Structures are given as C-alpha cells and as structure tokens.
Amino acid sequence: MDGKRTALVTGGAAGIGAEIVRSLIADGFHVVSIDRHAPETGSPDRTDILCDLIDPEATARAAAEVAARFSVTHFVHNAGTIRANLIESTSAADLAALSQLHLGAAITLAQAILPAMKAAGSGRIVLMSSRAVLGAATRTVYSATKAGVIGLVRTWTLELARHGITVNALAPGPIGGTDMFHDVMPKGDPRIAALAASIPMKRLGTPADVANAARFFLSDASGFITGQTLYVCGGVSVGQAAF
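Here the structure is a predicted model, which is why all the values come from computation and not from measurement.

Caption draft 1: Seen up close, helix α2 (residues 56–69). Here α2 is 14 residues long and its end C-alpha atoms lie 20 Å apart, about the 20 Å a rise of 1.5 Å per residue gives. Buried within α2 are the following residues: A58, T59, A62, A63 and V66. Buried residues of α2 fall within an arc of 135 degrees about the axis and therefore sit on the same side. Away from the buried face of α2 by more than 90 degrees, exposed residues E57, R61 and A68 are located. On its buried face, α2 is in contact with β1 (6–10), β2 (30–35), β3 (46–50) and α3 (92–120).

See the structure below:
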C-alpha cells in the first residue's frame, strides 16, 4: 500500500458512497469499499469487498477480513436504504433489516477496526444519518434507524475521544442523482422539480455536496470536532420540503 492511509467506506459502489471513495483516493488514501455490488470501474487504490450488510453473518465475515488485511484509521458508514411505507404497511421485517444495515453493521465494523485506530492513537468515524430524522412521511423505519445513528455518534464520542478518535454524523437530504432518491422519485417525475423549488437553496443536493462534508470530518483539520451532526440539506432542516 506504499504507506498510504486506509479508509473503509460502506456503500462505495455508487451514489454518495462512490463520490466519497473518489474524493478519498484523490486525497491519497487506499479505500476499502464494502457494497452489495461491484463498482462500474476499479482502481489500484481501492479494494472492493462484496457483502450484503443486511446479513449479520456476512457482515461479520467482511469485518474480520478487513481487520485481518488492513489497518483502518478512517471509517465512513454510508450504506443505506429507505423502504418507504406508511405506518399501516410498515413491517417488523423492514425494521429488522434497516436496524441491521444502519446500526448493526456500523457496530460490527467499528468493533473490527477500532483496535488499529486505538493503536494509532487517532481515527475518524463518520456515520450517515439523514434529514429524515426530523420527520418525513413514509419513513417510519428509515427515520427511526437514522435517528439511532445519531445516538451511536454521541455515545461513541464519549468512549473514543481519549483515544484521539472523532465520531460525527452527516444528515443529507434530498440528494438527487442517487439510486436511493430515484427509488422514491423516478427520473422524470414532475415532483422532483417541485421538491427542488421547496428547498431554501432552490436545488437538490449532489453526491459531491455530501462527499465534501465527509472530507472535512475525515481531515486532520477536524480534530477538535466530535459528537456532531451536520445537515447537508440546502436548508431543509430549518425549512420544509415535500420529500
């Protein structure tokens, strides 16, 4: 690895995760990406591990592989999905799946890589939450589990600060051009323009907007910032958007 720092990114094959991977490689990292799918293009500066993080046993195997092969000091848990449903149609299976993906996988992977971070006396952890934690129709299990992410961040901050490890959350939304967004609003849907108009900044966010925020939290310059949640949402967290 030629002395490069190593970052672990989940959901790094597409969308926001792919942009985070790209920015980290540009900053000189070797990136380990865990995703259900292979990326469209590979790179000598990335290692791709195929894994469905909704599966706890597969997640544990992937975590053990990462810990055995790499000394990770930067971790972004970006993988996520929505499973939009009104409360009447929300299922216990959806709750279990998103709890594992958004919370359980974060815990399993963090447990695997923390020994290397503690040995290095420094580290950066960024967990992906969502603006939806403030409330969004059809987001019962998504909002609940993404709110749980903020609980992880605040708790891990208190446990890990003495080891030089910072832990922060990003809360994006709405971010266009991603599979997650278009699963809810298909391309060409007239609601997209209406949504953009309802955002104080009058546009949808982009994967680069979120990657830029992640890049700061992952940088050496953010060493005294921990336990925080940063909304990357064009002002929707203090306004209103029909998403």
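Caption draft 2: Geometry of the packing of aromatic side chains. This model, assessed by the stated rule, comprises one aromatic pair. Arranged with centres 6.1 Å apart and planes meeting at 40 degrees, the rings of F216 and F217 form a pair that is tilted.

Caption draft 3: View of the side chain of K146. Among the structural elements, K146 can be located in helix α4 (residues 140–160). A polar atom in the side chain of K146 sits 2.8 Å from the backbone oxygen of M128. Those residues within four positions of K146 in sequence are excluded, and the remaining contacts are A79, H102, M128, S129, S130 and V133.

Caption draft 4: Focus on the pairing of β2. Among the six residues that make up β2, six are buried, leaving the element largely enclosed by the rest of the structure. By the alternation rule, side chains of β2 split into H30, V32 and I34 and V31, S33 and D35, which are all buried. Sheet analysis places β1 next to β2, joined by five bridges and oriented parallel. Bridge pairing in β2 links V9 to S33. Tracing the backbone out of β1, into helix α1 (residues 15–26) and back to the parallel element β2 gives a crossover that is right-handed. As judged from the five bridges shared by β2 and β3, these two strands associate in the parallel manner. Pairing of S33 across the sheet is with D48, part of β3.

Caption draft 5: How the structure looks around the nonpolar core. In terms of nonpolar packing, the biggest core is built from 33 residues, with L8, I34, V66, F75, I125, L127 and W156 touching the most fellow members. For this core, the leading source of residues is α3, giving nine residues. The contacts of L8, once residues within four sequence positions are left out, are V32, I34, V66, V72, H74, F75, V76, L109 and I113. Among the nonpolar cores identified, the runner-up in size contains 20 residues, and A7, V126, I175 and V232 belong to it.

What counts, and where the lines are drawn
Residues numbered from 1 in each chain as written. Predicted model: local features only at pLDDT ≥ 70, side-chain atom pairs only at ≥ 80, totals over all residues. Heavy atoms only, no water. Helix = DSSP H or I, 4+ residues; strand = E, 2+ residues; numbered from the N terminus. Expected span 1.5 Å × (residues − 1). Buried < 20%, exposed > 50% of the residue type's maximum accessible area, 1.4 Å probe, protein only. Arc of directions from axis to C-beta. Contact = heavy atoms within 4.5 Å. Phe/Tyr/Trp six-rings, centres within 6.5 Å; stacked < 30°, edge-to-face > 60°. Polar contact = N/O pair within 3.5 Å; in protein donor to acceptor, adjacent residues only side chain to side chain. Pairing = 2+ DSSP bridges. Right-handed = clockwise from strand over helix to strand, strands pointing away. Core = buried A, V, L, I, M, F, W, Y, C linked by side-chain atoms within 4.5 Å.

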